[in-house]
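Listed below are the residues making up each chain.
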Amino acid sequence: MRALLKVTLFAFYGVSAALLTYSAHAVELGDATRGLSYAQQVCAECHSVEDDGMYSPNPDAPSFKAIADTSGMTGTAIAVWLQTSHPTMPDLIIAPQDTDDLIAYILSLRSKSSP
Ligand code: HEC
């Protein structure tokens, strides 16, 4: 009986946690600070991820600032890019929340003057 109760409670909390995550996700856009730390861990291997970084470790990888300043670059375009395969890293799988954080971070690098 106790075990069953535990399982039921566990399932209940699991579902409400999932719902909470979902609604937070729907309302709130990404967090640029978390996006930066994620980028430093995962993307900085190839990309220059910081505002003042001009040269990427991998010369084929554009700096995040250059990505942000590419004309027509939007959160959607970045999201699509991140969900389709990176040519050099087909196994990169980024969770939706991390994707939002990364997008918020990348777009925060945009030069004020660009549209
Ligand atoms: C193993 C190296 C590598 C890693 C790690 C990497 N990238 Fe890339 N990325 C590249 C290369 C190389 C390109 C350029 C490919 C091209 O233009 O065909 C690229 C291109 C991109 C583009 C498209 C730029 C454009 O102008 O369309 C985005 C956005 C991007 N990367 C984001 C990320 C993010 C976010 C991460 C971390 C989660 C990441 N990358 C990790 C190598 C990498």
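The structure presented is a predicted model; accordingly, all values stated were derived computationally and were not measured. Throughout this description, residue numbers start from 1 for each chain and increase along the sequence as written. Residue-level local features of this predicted model are given only where pLDDT is at least 70; pairs of side-chain atoms are given and counted only at 80 or more, and the full residue set underlies all totals for whole chains, interfaces and linings.

**Some thoughts on the nonpolar core**
Ranked by internal contacts, the top residues of the largest apolar core, which has 14 residues, are Ala39, Phe64, Leu102, Ile103, Tyr105 and Ile106. Under the scheme used here, helices are H or I runs from DSSP no shorter than 4 residues and strands are E runs no shorter than 2 residues, and both carry numbers assigned from the N terminus. The leading source of residues in this core is helix 5 (residues 96-108), at five residues. Each residue touching Ala39, except ones within four places of it in the same chain, is listed here: Ala44, Val49, Phe64, Leu102 and Tyr105. What makes a nonpolar core is a set of buried Ala, Val, Leu, Ile, Met, Phe, Trp, Tyr and Cys residues, with links drawn between C-beta atoms within 7 Å. The burial criterion counts other C-beta atoms lying within 10 Å of a residue's C-beta, which is placed from the backbone; the residue is buried at 20 or more, exposed at 12 or fewer, and partly exposed between these limits. Residues are treated as contacting if the C-beta atoms built from their backbones sit within 7 Å of each other.

**Here we look at the environment of Ser108**
Among the secondary structure elements, Ser108 is positioned in helix 5. Residues Ser108 and Ala68 lie 40 residues apart in sequence; the distance between their C-alpha atoms is 7.8 Å.

**What about helix 2 (residues 32-42)?**
Those residues of helix 2 that fall on the buried side of the exposure criterion are Gly35, Leu36, Tyr38 and Ala39. Looking down the long axis of helix 2, one finds its buried residues gathered within 165° of arc, a one-sided arrangement. In helix 2, those exposed residues whose orientation departs by more than 90 degrees from the buried face are Thr33, Gln40 and Gln41. In this structure, the buried residues of helix 2 make contact with helix 3 (64-69) and helix 5. This arc is built from the directions going out from the helix axis to the C-beta atoms.

**Digging into the environment of Ala61**
Along the chain, Ala61 falls in the loop between helix 2 and helix 3. On the basis of neighbour count, Ala61 is assigned to the partly exposed category, with 19 C-beta atoms found within 10 Å. Taking the C-alpha atoms as reference points, Ala61 and His47, separated by 14 residues in sequence, lie 5.4 Å from one another. Residues contacting Ala61, with those up to four places away along its chain left out, are Cys46, His47 and Ser56.

**As for the confidence of the model for the protein chain**
The pLDDT value tells you how sure the predictor is about a given residue, anywhere from 0 up to 100. With 69% of its residues at a pLDDT of at least 70, the protein chain reaches an overall mean of 78. In the predicted structure, residues 12-27 sits below a pLDDT of 50 and forms two contacts with residues beyond four places in sequence or in another chain.

**Points about the packing of helix 4 (residues 75-83) against helix 5**
Helix-helix packing is characterised by the crossing angle of the two axes and by the distance between the axes. For the pair helix 4 and helix 5, interaxial distance at closest approach is 10 Å and the crossing angle is 130°. Comparing their axes, helix 5 and helix 4 come out oblique. In this structure, helix 4 meets helix 5 at a crossing whose hand is right-handed. Residue-level contacts link Gly75, Ile78, Ala79 and Leu82 of helix 4 to Thr99, Leu102, Ile103, Ile106 and Leu107 of helix 5. When the residues that make up the contact of helix 4 with helix 5 are grouped by side-chain class, the tally is seven nonpolar, two polar and no charged. Inter-axis angles, ranging from 0 to 180 degrees, are taken between N-to-C directions of lines fitted to C-alpha atoms, where helices are fitted over the stretch in contact. Comment on the angle field: the value is read as roughly parallel under 35 degrees, roughly antiparallel over 145, roughly perpendicular from 65 to 115, and oblique elsewhere. Crossing handedness: left-handed means the near helix sits turned counterclockwise from the far one by under a right angle, and right-handed means the same turn made clockwise. Gly is placed with the polar residues, together with every amino acid not listed as nonpolar (Ala, Val, Leu, Ile, Met, Phe, Trp, Tyr, Cys and Pro) or charged (Asp, Glu, Lys and Arg).

**A short note on the site of the ligand**
Around the ligand sit 21 residues, and of these Val42, Cys43, Cys46, Asp60 and Ala61 come closest. Secondary structure elements with two or more residues in the shell around the ligand: helix 2 and helix 4. In terms of residue count, the dominant contributor to the shell around the ligand is helix 4 (three residues). As a rule, any residue with its backbone-derived C-beta atom within 6 Å of a molecule or strand is reported as near that molecule or strand.

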